[in-house]
Amino acid sequence: NCVAVIALACLQADSAAEIAAALEKARDDNRRVLLAWASDDDPSRALAEILRKNSKVSRTILYEYVMVQVAASQKDLAAKYGVSGMPALTILASDGTVLGLAAALDAESVDALLVKHRCAPLRADDVLQAARDKAVAEKKRVLLVFGAPW
């Protein structure tokens, strides 16, 4: 699945569906969506290396983003998200709003962009209270599940 793995060979024919699935997952997990636009050229390979092998960048993506790699050939999607050159990164809110757009830069610039646009953490007390309120309104119970992203 291209949402989790960065590989130029894994470019999806239907990136619009991948983006829709990523937006849904981002809503559920309090994350952003990262669109990595690429073609089969050296700058795109360099960006893929940064996203995959730079420990700070890959860690930020793992915990804060749902990533979709989009082929440069998908010009309709590029136009929709304001991308004019490859490689590029687009950051989307979970409602599909474009929050950030940048040409691929060095690892530090990519990491700064990702950190700048990550979601604010949810407060557990607020999440629990919202679940309790909804459960009361729907005459249901609340099931607490504790977990960690690793």
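Okay, so let's go over this structure. (Residues numbered from 1 in each chain as written. Predicted model: local features only at pLDDT ≥ 70, side-chain atom pairs only at ≥ 80, totals over all residues. Heavy atoms only, no water.)

### Concerning the packing of helix H3 (residues 55-64) against helix H5 (residues 107-117)
Between H3 and H5, whose axes approach to 9 Å, the crossing angle comes to 25 degrees. By the angle class used here, H3 and H5 are roughly parallel. The handedness of the crossing between H3 and H5 is left-handed. From H3, Lys56, Val57, Thr60 and Ile61 reach across to H5, where they touch Ala107, Val110, Asp111, Leu114 and Val115. Along the lines of polarity and charge, the residues of the contact of H3 with H5 split into six nonpolar, one polar and two charged. (Axes fitted to C-alpha atoms, helices over the stretch in contact; angles between N-to-C directions. Helix = DSSP H or I, 4+ residues; strand = E, 2+ residues; numbered from the N terminus. Parallel < 35°, antiparallel > 145°, perpendicular 65-115°, else oblique. Left-handed = near helix turned anticlockwise from the far one by under 90°. Contact = heavy atoms within 4.5 Å. Nonpolar A, V, L, I, M, F, W, Y, C, P; charged D, E, K, R; others polar.)

### A look at the packing of aromatic side chains
Applying the stated rule across the entire model yields one aromatic pair. Ring centres of tryptophan 37 and tyrosine 81 lie 6.4 Å apart, and the angle between their planes is 50 degrees; on these two criteria the pair is classed as tilted. Placement of the pair is tryptophan 37 in strand S1 (residues 32-38) and tyrosine 81 in the loop between helix H4 (75-80) and strand S3 (88-92), with a sequence separation of 44 residues. (Phe/Tyr/Trp six-rings, centres within 6.5 Å; stacked < 30°, edge-to-face > 60°.)

### Side note on unusual backbone geometry
Residue proline 87 is reached from methionine 86 by a cis peptide bond, and omega for that bond is -5 degrees. A positive phi angle, near 55 degrees, is found at asparagine 30, a position not held by glycine. By the secondary structure assignment, asparagine 30 is in the loop between helix H1 (15-29) and S1. Phi angles above zero are rare outside glycine, and lysine 139 is one such case at about 55 degrees. In this fold, lysine 139 is placed in the segment after helix H6 (124-138).

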